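# A closer look at the structure
Okay, here's what each chain looks like letter by letter:
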Amino acid sequence: QVQLVESGGGLVQTGGSLRLSCAASGSIFSIAVMGWYRQAPGKQRELVATITSVGSTNYADSVKGRFIISRDGAKNTVYLQMNSLKPEDTAVYYCNAQNYLFHNYWGQGTQVTVSS
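Described in the following lines is the structure provided in the data block. Quick caveat: nothing in here was measured; it's all calculated off a predicted structure.

## Here we look at the environment of Asp89
The topology assignment puts Asp89 in the loop between strand 8 (77–82) and strand 9 (91–99). Taking the relative accessible area as the measure of exposure, Asp89 reaches 1% and is therefore buried. In this structure, the C-alpha to C-alpha distance between Asp89 and Ser62, residues 27 residues apart in sequence, is 9.1 Å. Beyond its immediate chain neighbours, meaning those up to four positions away, Asp89 contacts Arg38, Arg66, Phe67, Ser84, Val112 and Val114. Reaching out from Asp89, the side chain makes a polar contact with the side chain of Arg66 at a distance of 2.8 Å.

Written as structure tokens, this is what we have:
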């Protein structure tokens, strides 16, 4: 089992920045990929960014050049630095961990609201 705890959401104006954190605990040795997903009201959950155990990253086109995903192995924590935020980035952001058997674990979600 893997437990994920997110923090760092909040309210920010257009053009502002936020950093989300996701601390993992439990069977962290089994984690192959960690990432961030988001879900806006009335929409499906979508991928934002992922990072593998060796540091390879992947981003949704909508956030490329604005968001940066990183990880601190010593703290078992993944970060999402969000810059140049737009109102369309408003959503609940979920941390995800996938193990080598492709089982997914999810955090409780953190709200990000970007005001225009």
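## Thoughts on the sheet that holds strand 8
Strand order in the open sheet made by the four strands is 1-3-8-7, with antiparallel pairing throughout. The open sheet has two edge strands with one neighbour each: strand 1 (2–7) and strand 7 (67–72). Each strand axis lies, on average, 20 degrees off the axis of its neighbour in the sheet, ignoring direction. Direction of pairing for strand 7 relative to strand 8: antiparallel, over a ladder of six bridges. Across the sheet, the residue bridging to Asp72 is Thr77, located in strand 8.

## Thoughts on the nonpolar core
If you look at the biggest cluster of nonpolar residues, it comprises 30 residues, and the most contacted ones within it are Leu4, Met34, Trp36, Leu80, Met82 and Tyr93. Among the elements of the structure, strand 1, strand 3 (18–26), strand 4 (31–39), strand 5 (46–52), strand 7, strand 8, strand 9 and strand 11 (110–115) are those that each provide at least two residues to this core.

## Notes on the environment of Trp36
Its location among the elements puts Trp36 in strand 4. Each C-alpha atom of the pair Trp36 and Leu80 lies 7.6 Å from the other, and the pair is 44 residues apart in sequence.

## Describing the state of the cysteines
With the rule as written, the count across this model stands at one disulfide. The residue that forms a disulfide with Cys22 is Cys95, at a sulfur-sulfur distance of 2.0 Å. Its S-S torsion of about -85 degrees marks the bond between Cys22 and Cys95 as left-handed, since a negative value means left-handed. Residue Cys22 is found in strand 3, and its partner Cys95 is found in strand 9; the two are separated by 73 residues along the sequence. On the accessibility criterion, Cys22 (0% relative accessible area) is buried.

## A few points about unusual backbone geometry
Residues other than glycine predominantly adopt negative phi, and peptide bonds predominantly adopt the trans conformation. Of note in the backbone geometry, Ser84 takes a positive phi value of approximately 50 degrees without being a glycine. Note on placement: Ser84 falls in the loop between strand 8 and strand 9. Ser84 gets classed as partly exposed once you look at its relative accessible area, which sits at 41%. Its identity as a non-glycine residue notwithstanding, Phe102 has a phi of 65 degrees, on the positive side.

Definitions and cut-offs
Residues numbered from 1 in each chain as written. Predicted model: local features only at pLDDT ≥ 70, side-chain atom pairs only at ≥ 80, totals over all residues. Heavy atoms only, no water. Helix = DSSP H or I, 4+ residues; strand = E, 2+ residues; numbered from the N terminus. Buried < 20%, exposed > 50% of the residue type's maximum accessible area, 1.4 Å probe, protein only. Contact = heavy atoms within 4.5 Å. Polar contact = N/O pair within 3.5 Å; in protein donor to acceptor, adjacent residues only side chain to side chain. Pairing = 2+ DSSP bridges. Axes fitted to C-alpha atoms, helices over the stretch in contact; angles between N-to-C directions. Core = buried A, V, L, I, M, F, W, Y, C linked by side-chain atoms within 4.5 Å. Disulfide = S-S within 2.5 Å.

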